[in-house]
Amino acid sequence: MSALLGRAFLQARFRFRPVVCSVTRAFVSSSDAPDHVVTYSQMKKMLATRNIQLLDVRNPDEFQAGKIPHAVNVPLDSLEESLQLSPEQFLQRFGVRAPLRGDDNLVFQCRSGRRSLEALDIARHLGFSKARHYEGGYKEWVELDGE
């Protein structure tokens, strides 16, 4: 009986998760965001100063349909392998400088933040301890930037 009640509780608990509008997230100040998250306003500043290595971990067809300026497509399913390439191999494959483990401007993004969070986990396990992810993703970017 307690097993049934436990399962019912878990189903009810996870069925009714609160939904936070991504537009609301964009106006959270930098000091309110966790250190592994890049907000919309931070993205805008980093892109304006070109102080960003933005890796889009969506599939190539999603990337071709629309992207954030200066993003480089490194699909999630090949990210771990790609981050372990030599700098020369990375440059040859992606046309940009390979991120270094100490870089604090490495940002992952996807459509809505789920895959970029997974990418962040992969990168952190590989030693990219200062890497971050854009939680709002391309979806929020389009909503707020109109591109």
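My aim in this report is to walk through the structure given alongside it, one point at a time. (Residues numbered from 1 in each chain as written. Predicted model: local features only at pLDDT ≥ 70, side-chain atom pairs only at ≥ 80, totals over all residues. Heavy atoms only, no water.)

**Notes on the packing of aromatic side chains**
Our working definition: The criterion for an aromatic pair is that two Phe, Tyr or Trp rings (for Trp, the six-membered ring) have centres within 6.5 Å, with stacked assigned to planes under 30 degrees apart, edge-to-face to planes over 60 apart and tilted to the rest. In DSSP terms, a helix is any run of H or I states spanning at least four residues, a strand is any run of E spanning at least two, and both are numbered starting from the N terminus. Relative accessibility under 20% of the residue-type maximum defines a buried residue, over 50% an exposed one, and the middle range a partly exposed one, all with a 1.4 Å probe and only protein chains included. When the NZ atom of lysine or the CZ atom of arginine is within 6 Å of a ring's centre and also within 35 degrees of its normal, the charge is said to sit over that ring.
Taken as a whole and assessed by the stated rule, the structure comprises two aromatic pairs. Their ring planes at 55° and their centres at 5.4 Å tell us that Tyr40 and Trp141 sit as a pair that is tilted. Linking Tyr40 in helix 3 (residues 40-48) with Trp141 in helix 8 (residues 137-145), this pair joins segments that are 101 residues apart in sequence. Pairing Phe90 with Phe94 gives two aromatic rings, centres 4.7 Å apart and planes at 45°, and the pair type is tilted. Of this pair, Phe90 and Phe94 both sit in helix 6 (residues 87-94), four residues apart, which is roughly one turn of that helix. Of the residues examined, Phe90 reaches a relative accessible area of 1% and is grouped as buried. In this structure, Arg58 is placed above the aromatic ring of Tyr138, and the distance from its NZ or CZ to the ring centre is 4.6 Å.

**Focus on the environment of Leu100**
With respect to the helices, strands and loops of the structure, Leu100 is situated in the loop between helix 6 and strand 4 (106-109). Considered as a pair, Leu100 and Ala131 are 31 residues apart in the sequence and their alpha carbons are 9.9 Å apart.

**Here we look at the packing of helix 3 against helix 8**
Under the convention used in this document: Under this scheme, a helix contributes an axis fitted over its contacting stretch, all axes are lines through C-alpha atoms, and angles between N-to-C directions fall in the 0 to 180 degree range. Note on terminology: angles under 35 degrees are roughly parallel, angles over 145 are roughly antiparallel, angles of 65 to 115 are roughly perpendicular, and the others are oblique. By definition, residues are in contact when any of their heavy atoms lie within 4.5 Å. Just so you know the grouping, Ala, Val, Leu, Ile, Met, Phe, Trp, Tyr, Cys and Pro go in nonpolar, Asp, Glu, Lys and Arg go in charged, and all remaining residues, Gly too, go in polar.
Contact geometry of helix 3 with helix 8 gives a least axis separation of 11 Å together with a crossing angle of 80°. Here helix 3 lies roughly perpendicular to helix 8, going by the angle between them. Here helix 3 contributes Tyr40, Met43, Lys44 and Leu47 to the contact with helix 8, which in turn contributes Glu140, Trp141, Leu144 and Asp145. The class makeup of the residues in the contact of helix 3 with helix 8 is five nonpolar, no polar and three charged.

**Let's talk about the sheet that holds strand 4**
Put simply, the test is: At least two bridges found by DSSP between two strands is the condition for calling them paired.
Taken in spatial order, the five strands of this open sheet run 1-5-4-2-3, and their pairing is parallel. If you trace the sheet from one side to the other, it starts and ends with strand 1 (37-38) and strand 3 (72-73), each paired once. Relative to strand 3, strand 2 (residues 53-56) runs parallel, the two being bridged by two bridges. Across the sheet, Leu55 pairs through a bridge with Val72, a residue of strand 3.

**Quick word on helix 3**
For clarity, the threshold we go by: The arc in question is formed by the directions pointing from the helix axis toward the C-beta atoms.
Among all positions in helix 3, only Tyr40, Gln42, Met43, Met46 and Leu47 are buried. Across the axial projection of helix 3, the buried residues extend over an arc of 155°, all falling on one side. Residues of helix 3 that are exposed and point more than 90 degrees away from the buried face comprise Lys45 and Ala48. Following helix 3 by one or two positions, Arg50 adopts a phi angle in the positive range, close to 60°.

**Quick look at the side chain of Gln53**
As a reminder, the rule being used: Pairs of N or O atoms within 3.5 Å make up the polar contacts considered here, provided that, within protein, one atom can donate a hydrogen while the other can accept it, and that residues adjacent in sequence are counted only when both atoms are side-chain atoms.
In this fold, Gln53 is placed in strand 2. At 2.8 Å, the side chain of Gln53 and the side chain of Asn105 are in polar contact. Filtering out sequence-adjacent residues up to four positions away, Gln53 remains in contact with Arg97, Ala98, Pro99, Asp103, Asn105, Leu106 and Val107.

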